[in-house]
Amino acid sequence: MNRIDESRPFIPVGIAVLTVSDTRTLSDDRSGDTLVARIEEAGHALKARAIVPDDRQAIASQVKAWTQDEAIDVVITTGGTGFTGRDVTPEAIEPLFEKRMDGFSAVFHRISYDKIGTSTIQSRATAGVADATYIFVLPGSPGACKDAWDGILKPQLDYRHMPCNFIEILPRLDEHLKRGAGKA
């Protein structure tokens, strides 16, 4: 249920998209293209896009660099969430999380179940916050990217979405680091 309060302003955020794949390039990255199209259609700013191989260090390094970029508020990854030996995206990114977003996985699987049934259990989609940046780890299929964006991310990344959304709390994600600032 998406409830948009049209009296509130839309606030665009900066988003980076990372495709994790040993075989994809920008010319055939359908999942990345799906996310980019939806990000831009929603009115947000694509600040960065990259493809890295299924390698823990490469994935973690790229995501960490983006979480430290003040222009990027959200990182979305696609790929590497399955169970094969090369699927290491959750293992690469979850150690970066300062806070996990367990509800994301639950809601993603609920939406996915309606589309693909029990096959949804083959995804280890996850999310969290690091360096005051939201991070969402999605499966590598365009359908999963559509489901996550349309069903969760689009409304939650819209300040007008009521009763609450990620954007209204974005400025407070790092408030714990500011406590006591300026005190002698």
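Residues numbered from 1 in each chain as written. Predicted model: local features only at pLDDT ≥ 70, side-chain atom pairs only at ≥ 80, totals over all residues. Heavy atoms only, no water.

### Considerations on the pattern of salt bridges
Thought 1: For the structure shown, the criterion picks out 14 salt bridges.
Thought 2: We note a salt bridge from Glu-168 to Arg-8, for which the minimum N-O separation is 3.3 Å. In this pair, Glu-168 is assigned in helix α6 (residues 166-169) and Arg-8 in the segment before β1 (14-20), connecting sequence segments 160 residues apart.
Thought 3: When salt bridges that share partners are traced, they join Glu-6, Asp-158 and Arg-160 into one network. (Salt bridge = Lys/Arg side-chain N within 4 Å of Asp/Glu carboxyl O. Helix = DSSP H or I, 4+ residues; strand = E, 2+ residues; numbered from the N terminus.)

### Here's the deal with the confidence of the model for the protein chain
Thought 1: Across the protein chain, the average pLDDT comes to 94, with 95% of residues at 70 or higher.
Thought 2: In the predicted structure, residues 179-184 sits below a pLDDT of 50 and forms zero contacts with residues beyond four places in sequence or in another chain. (pLDDT = per-residue confidence, 0-100. Contact = heavy atoms within 4.5 Å.)

### Focus on the sheet that holds strand β3 (residues 74-78)
Thought 1: Pairing is mixed across the open sheet formed by six strands, whose spatial order is β2-β1-β3-β6-β5-β4. Lying at the two open borders of the sheet, with one neighbouring strand each, are β2 (45-52) and β4 (99-100).
Thought 2: Bridge count between β3 and strand β6 (residues 133-138): five bridges; the pairing is parallel. The residue bridging Val-74 from the neighbouring strand is Tyr-134, located in β6.
Thought 3: Docked against the sheet, helix α4 (residues 102-116) engages β4, β5 (126-130) and β6, running at close to 35° with respect to β6. (Pairing = 2+ DSSP bridges. Axes fitted to C-alpha atoms, helices over the stretch in contact; angles between N-to-C directions.)

### Overview of the environment of Val-63
Thought 1: Within the secondary structure layout, Val-63 lies in helix α2 (residues 56-67).
Thought 2: On the basis of relative accessibility, which here comes to 0%, the residue Val-63 falls in the buried class.
Thought 3: Considered as a pair, Val-63 and Val-17 are 46 residues apart in the sequence and their alpha carbons are 9.5 Å apart.
Thought 4: The residues touching Val-63, leaving out its near neighbours within four places in the chain, are Leu-18, Val-75, Thr-77, Ile-93, Leu-96 and Ile-135. (Buried < 20%, exposed > 50% of the residue type's maximum accessible area, 1.4 Å probe, protein only.)

### Considering the packing of helix α1 (residues 30-42) against helix α5 (residues 142-156)
Thought 1: The N-to-C vectors of α1 and α5 enclose an angle of 25°; their axes lie 8 Å apart at closest approach. In this view, α1 runs roughly parallel relative to α5, as classed from their interaxial angle. Crossing of α1 against α5: the hand is right-handed. Facing α1, whose interface residues are Arg-30, Ser-31, Thr-34, Leu-35, Arg-38, Ile-39 and Ala-42, α5 presents Pro-142, Cys-145, Lys-146, Trp-149 and Asp-150.
Thought 2: Of the residues in the contact of α1 with α5, the class split is six nonpolar, two polar and four charged. (Parallel < 35°, antiparallel > 145°, perpendicular 65-115°, else oblique. Left-handed = near helix turned anticlockwise from the far one by under 90°. Nonpolar A, V, L, I, M, F, W, Y, C, P; charged D, E, K, R; others polar.)

### Side note on the packing of aromatic side chains
Thought 1: Tallied over the full model, the rule gives five aromatic pairs.
Thought 2: For the ring pair Tyr-134 and Phe-136, a centre distance of 6.3 Å and an interplane angle of 25° mean the geometry is stacked. For the pair formed by Tyr-134 and Phe-136, the shared burial category is buried.
Thought 3: Taken together, a centroid distance of 5.8 Å and an interplanar angle of 40° make the contact between Phe-136 and Phe-166 tilted. One end of the pair, Phe-136, is in strand β6; the other, Phe-166, is in helix α6, with 30 residues separating them in the sequence. (Phe/Tyr/Trp six-rings, centres within 6.5 Å; stacked < 30°, edge-to-face > 60°.)

### Some details on α5
Thought 1: Taking 1.5 Å per residue, 15 residues should reach 21 Å; α5 reaches 20 Å between its end C-alpha atoms and fits that length.
Thought 2: The sharpest bend along α5 reaches about 45° and sits at Trp-149.
Thought 3: Looking at the buried side of α5, the elements it contacts are β1, α1, β3, α4, β6 and α6. (Expected span 1.5 Å × (residues − 1). Bend = angle between axes of the 7 residues up to and from the residue.)

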